[in-house]
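One-letter residues, chain by chain:
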Amino acid sequence: MSITNLFLLINLVVLLTYVARKEKIVIGRYQMPYVAILSGFGALAVLSCIWHARFEVVAPIASSMLLTLLIVASIREINIRYWEAAILLSAVLAVIFAIGHSANLIPLFGFEGPVPHRGKILPIDLKQGYTGLIGTRGSYGILCILGIVVGLWWWRCGSIPRKLVALSSILAIIFSVALSLSRSTWLAIGITMFAYIPLRWMVAGTSRYNRLNRGVIIAVVVAFIGMWLALYGVPSSVSDSYNLMVSIRERSVESRWSQYQAALDLSVNAPIFGLSSSQMERLFSEHVLHNSMLAVLLEIGIFPLIFFVALHAWLIKDLIKIALVDSYYENRLRAAVWLSGLFGVIVEMSLFRGYQTNMFWVFVGLLVADIIRMRRGVSFKCDRVANSGFLGSPRPGGS
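This is a predicted model, so every value here is computed, not measured. (Residues numbered from 1 in each chain as written. Predicted model: local features only at pLDDT ≥ 70, side-chain atom pairs only at ≥ 80, totals over all residues. Heavy atoms only, no water.)

Asks: What is the right way to read helix 3 (residues 55–74) from this model?
Replies: Given 3.6 residues per turn, any residue in an α-helix points the same way as the ones three and four places further on. Look at helix 3: 29 Å from first C-alpha to last across 20 residues, which is about the 28 Å you get at 1.5 Å a residue. Extensive coverage of helix 3 is indicated by the burial of 15 of its 20 residues. (Helix = DSSP H or I, 4+ residues; strand = E, 2+ residues; numbered from the N terminus. Expected span 1.5 Å × (residues − 1). Buried < 20%, exposed > 50% of the residue type's maximum accessible area, 1.4 Å probe, protein only.)

Asks: For this particular structure, what's the right way to read the environment of Ala98?
Replies: In this fold, Ala98 is placed in helix 4 (residues 80–102). Taking C-alpha positions, Ala98 is 7.8 Å from Ser180, a pair spaced 82 residues apart along the chain. With near-sequence residues (within four places) excluded, Ala98 lies in contact with Tyr130, Thr131, Gly132, Tyr140 and Ser176. (Contact = heavy atoms within 4.5 Å.)

Asks: Just checking my understanding: could you explain the pattern of salt bridges for this structure?
Replies: Side-chain pairs of opposite charge can arise whenever the charged atoms involved come near each other. Under the definition given, this model contains six salt bridges. With a closest N to O distance of 2.8 Å, Asp318 and Lys317 form a salt bridge. For Asp318, a relative accessible area of 2% corresponds to the buried category. What you see here is one network of salt bridges that share partners, running through Glu84, Arg334, Asp370 and Arg373. (Salt bridge = Lys/Arg side-chain N within 4 Å of Asp/Glu carboxyl O.)

Asks: Help me out: how do you make sense of the nonpolar core in this one?
Replies: Nonpolar side chains tend to gather and get buried jointly when the protein is soluble and globular. The biggest cluster of nonpolar side chains holds 105 residues, and the ones touching the most others in it are Trp338, Trp361 and Phe363. Sorting elements by how many residues they give to this core places helix 5 (residues 137–157) first, with 14 residues. If near-sequence neighbours (up to four positions away) are discounted, Trp361 is found in contact with Leu38, Phe41, Ser64, Met65, Thr68, Phe308, Leu311, Tyr355 and Gln356. (Core = buried A, V, L, I, M, F, W, Y, C linked by side-chain atoms within 4.5 Å.)

Asks: Would you mind going over a nonpolar patch on the surface with me for this structure?
Replies: A cluster of nonpolar side chains, namely Ile3, Leu6, Ile10 and Val14, defines an oily patch on the protein surface of about 380 Å² accessible area. Here Val14 shows up in helix 1 (residues 3–22). (Patch = residues over 30% accessible without salt bridge, like charges linked within 9 Å, V, L, I, M, F, W, Y side chains within 5 Å. Areas by Shrake-Rupley, 256 points an atom, 1.4 Å probe, with all protein chains shown as cover.)

Asks: Is there a simple way to think about the side chain of Ser184 in this case?
Replies: Structurally, the position occupied by Ser184 is in helix 7 (residues 183–208). A polar side-chain atom of Ser184 sits 2.5 Å from a polar atom in the side chain of Glu348. The contact partners of Ser184, leaving out residues within four places of it in the chain, are Val347, Glu348 and Leu351. (Polar contact = N/O pair within 3.5 Å; in protein donor to acceptor, adjacent residues only side chain to side chain.)

Asks: How should the packing of helix 5 against helix 15 (residues 358–375) be read in this particular structure?
Replies: Two measures define how a pair of helices packs: the angle their axes make with one another and the distance between the axes. Orientation of helix 5 relative to helix 15, taken along the N-to-C sense of each, is 25 degrees, at an axis distance of 9 Å. When the axes of helix 5 and helix 15 are compared, the pair comes out roughly parallel. In this structure, helix 5 uses Ser139, Ile142, Leu143, Ile145 and Leu146 to contact helix 15, whose residues at the interface are Met359, Phe360, Phe363 and Leu366. Residues of the contact of helix 5 with helix 15, tallied by class, amount to eight nonpolar, one polar and no charged. (Axes fitted to C-alpha atoms, helices over the stretch in contact; angles between N-to-C directions. Parallel < 35°, antiparallel > 145°, perpendicular 65-115°, else oblique. Nonpolar A, V, L, I, M, F, W, Y, C, P; charged D, E, K, R; others polar.)

Asks: In this structure, what is going on with the packing of helix 4 against helix 15? I would like to understand it.
Replies: Their axes nearest at 13 Å, the elements helix 4 and helix 15 cross at an angle of 155 degrees. In terms of orientation, helix 4 and helix 15 fall into the roughly antiparallel class. Seen from above, helix 4 lies across helix 15 with left-handed handedness. Residues Ile80, Trp83 and Ile87 of helix 4 form the contact with helix 15, whose own contacting residues are Leu366, Asp370 and Arg373. When its residues are assigned to classes, the contact of helix 4 with helix 15 shows four nonpolar, no polar and two charged. (Left-handed = near helix turned anticlockwise from the far one by under 90°.)

Asks: What's the story with the confidence of the model for the chain in this structure? I'm lost.
Replies: For residues with low pLDDT, the predicted coordinates do not support detailed interpretation. Per-residue pLDDT for the chain averages 77, and the proportion of residues at 70 or more is 73%. Taking the mean pLDDT of every element in the chain, the minimum, 40, falls on strand 2 (residues 393–394) and the maximum, 94, on helix 13 (residues 302–325). The low-confidence segment residues 113–127, where pLDDT is below 50, has 27 contacts with residues more than four positions distant or belonging to other chains. (pLDDT = per-residue confidence, 0-100.)

Asks: Hey, could you run me through the packing of aromatic side chains in this one?
Replies: Aromatic ring pairs are defined here through the distance separating the ring centres and the angle between the ring planes. What the rule picks out here adds up to seven aromatic pairs. Measuring from centroid to centroid gives 5.5 Å for Phe41 and Phe308, while their planes differ by 35 degrees, and the two rings are tilted. You can see Phe41 sitting in helix 2 (residues 32–51) and its partner Phe308 sitting in helix 13, a full 267 residues away along the chain. On the basis of relative accessibility, which here comes to 1%, the residue Phe308 falls in the buried class. Taken together, the ring pairs in this structure connect Phe41, Phe308, Phe360 and Trp361 into an aromatic cluster. Here Lys163 stacks its cationic end above the ring of Trp155, 4.9 Å away from the centre of that ring. Lying across the ring of Trp153, Arg334 places its NZ or CZ 4.8 Å from the centre. (Phe/Tyr/Trp six-rings, centres within 6.5 Å; stacked < 30°, edge-to-face > 60°. Lys NZ or Arg CZ within 6 Å of the ring centre and 35° of its normal.)

Asks: Sorry, what's going on with the side chain of Asp370 here?
Replies: Locating Asp370 in the fold gives a position in helix 15. Taking relative accessible area as the criterion, Asp370 reaches 0% and is therefore assigned buried. For Asp370, the contacting residues outside a window of four places in its chain are Trp83, Arg334, Trp338 and Phe380.

Asks: I would appreciate a short explanation of the environment of Leu6 in the present structure.
Replies: Its place among the elements puts Leu6 in helix 1. Sequence separation between Leu6 and Val58 is 52 residues, and the spatial gap between their C-alpha atoms is 9.4 Å.

Put into structure tokens, the structure is as follows:
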């Protein structure tokens, strides 16, 4: 039971109680599915933890759920540009620290111990990896994805200075991700960038997707590949690429396959409430389970897993619907940016036990808040949102 999680939980309860007393909270038809999914997942997860007397897990899960609901409830009071700037600033600060550590300009933190790389594939001797101010590589990856999501949006809908900030931030994030030696984050960022290209073309079409935008996005993807090749060399075969990924931390690759098999086998014996703390410690004494879906199934049961999968499915469904049929072009574009980021986060979560991580739930809260605004008819017109009240201009009939 971390004092940080307990402190966060108490503060969130007090804040939500205050908001509930001062304001009339109305759950509309677009909010209802998300509130139901989040509440169902949180309630079942807490019930499972209480059933097994795993009280040390209650505070992280409860605080994550309350944090997400608070973001969804209060984001309407904040100008959209402010939270976008806060996300980009947070990502850039983490990147600055990560690059500073790798260049020996900033002292290392404890979780970035200078463990030499023992593989024979890498042409240079890198440390174990750098993640700036964040100790968990998966959380670092999600923050970087959020930074790229905001950067892609600012590139399309910002002024010239904002475009330059966005482009430089994206390139810095990509470079720091390459230094992190986090294989899941490499894959997640790659999926985000490569998914954005067809989604952008699908939404914009060739007539609106001008040569400058095409050139910049392609240049960013080329930069991503170029940074990889500059750091790790040109692989002579697919086998060399696989060996590179494995050689970074060979034992982690071996342990993950055994973890996945053991998790699937044991989940049959405890499908409702998951395993107890003692069983979890015996099974994963050395490494935590590096897969969020399996972690939910094994630790808190199959019914929370159903809600967890439903959350991702509902997010994808709403984003695809907005990207395809929304009457505002900017909303379709924003949905495409979010969808590419969501694909990257799903990849990260598939290789990282992140369902108790606040960074993931912050991502979900911000995404849900944006979806609700767009479903209600708010237009994210580039330079008008900040000057037309918080919600911008609703379409006729929007509520």
